[in-house]
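The chain contents come next:
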Amino acid sequence: YEAYLRAEVATARGDHAQALRQLELAAVADPTDGYLTARRVEVLLAAGEVDAARDVATALTETSPELSAAWIALAEARARGGDAAGAIDAARRALALDPDDADVRAAAAEVAGGDALAEAAARAGAPEAREGDRSLAARAMALDPAGIFRRSAAARRRALAAELAERGAWARVD
């Protein structure tokens, strides 16, 4: 878990190479954790390594086809690579696996574009949503009119890591 948190701190600092090293260390502790691999895809995308991210995400969907995070990772990688149809297909597969998960719905909306979703959230009075807002929160709120949307555990860990990085709580991450 420490390596994972160090990866999140490195990501928050923009040190993608260090984040990838830490995620590899975290995977040594639990090589079957598909969520670590999905996070690796996110970091690769943030580093601009779209082809590598797509390859890792594709492999993840082959080893963990039941994991919605694998399909969302593939959708994001395909979208960044310009394969809109492939991205939407992968997002649909994630939704089929976890149709009631607000985080999956929000991520699928993010991949699909979602301008109409952001506008719907603005009309619904979502405080995070403004006209033309393409934020994840706006899309999630539009997809979740009952207000069930909540930040996932992974999002909370990333926010904590970013806050720790800002405060300089971890001077070194290697």
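Because the structure is predicted, anything quoted here is derived from the model rather than measured.

Colleague: Got a sec to walk through the environment of Pro 65? Specific residues and values, please.
Modeller: Along the polypeptide, Pro 65 turns up in the loop between α4 (50-63) and α5 (68-80). Measuring from C-alpha to C-alpha, the distance between Pro 65 and Leu 97 comes to 9.3 Å, with 32 residues separating the pair along the chain. Discounting chain neighbours no more than four positions away, the residues touching Pro 65 are Leu 60, Trp 71 and Leu 97.

Colleague: Lay out the packing of helix α1 (residues 2-13) against helix α3 (residues 34-46) with the relevant residues and their values.
Modeller: The description of two packed helices rests on the angle between their axes and on the distance between the axes. Between α1 and α3, the least distance of the axes is 12 Å, while the angle of their chain directions is 15°. On the basis of the axis angle, α1 is roughly parallel to α3. The chirality of how α1 crosses α3 is left-handed. Between α1 and α3, the contacting residues are Tyr 4, Glu 8 and Thr 11 on the first element and Leu 36, Arg 39 and Val 43 on the second.

Colleague: Break down the packing of helix α2 (residues 16-29) against α3 for me, with residues and values.
Modeller: Closest axis-to-axis distance for the α2/α3 pair is 10 Å, and the angle between their directions is 170°. In terms of their interaxial angle, α2 and α3 are classed as roughly antiparallel. Between α2 and α3, the contacting residues are His 16, Ala 19, Leu 20, Leu 23, Ala 26 and Ala 27 on the first element and Leu 36, Arg 39, Arg 40, Val 43, Leu 44 and Ala 46 on the second. When grouped by side-chain class, the residues that make up the contact of α2 with α3 number nine nonpolar, one polar and two charged.

Colleague: Can you tell me about the pattern of salt bridges, naming the residues and giving the values?
Modeller: Per the stated rule, a full pass over the model turns up four salt bridges. Note that Glu 8 is salt-bridged to Arg 39, the shortest N-O span being 2.7 Å. Placement of the pair is Glu 8 in helix α1 and Arg 39 in helix α3, with a sequence separation of 31 residues. For the pair Glu 8 and Arg 39, a shared accessibility class is recorded, and that class is buried.

Calculation rules
- Residues numbered from 1 in each chain as written.
- Predicted model: local features only at pLDDT ≥ 70, side-chain atom pairs only at ≥ 80, totals over all residues.
- Heavy atoms only, no water.
- Helix = DSSP H or I, 4+ residues; strand = E, 2+ residues; numbered from the N terminus.
- Contact = heavy atoms within 4.5 Å.
- Axes fitted to C-alpha atoms, helices over the stretch in contact; angles between N-to-C directions.
- Parallel < 35°, antiparallel > 145°, perpendicular 65-115°, else oblique.
- Left-handed = near helix turned anticlockwise from the far one by under 90°.
- Nonpolar A, V, L, I, M, F, W, Y, C, P; charged D, E, K, R; others polar.
- Salt bridge = Lys/Arg side-chain N within 4 Å of Asp/Glu carboxyl O.
- Buried < 20%, exposed > 50% of the residue type's maximum accessible area, 1.4 Å probe, protein only.

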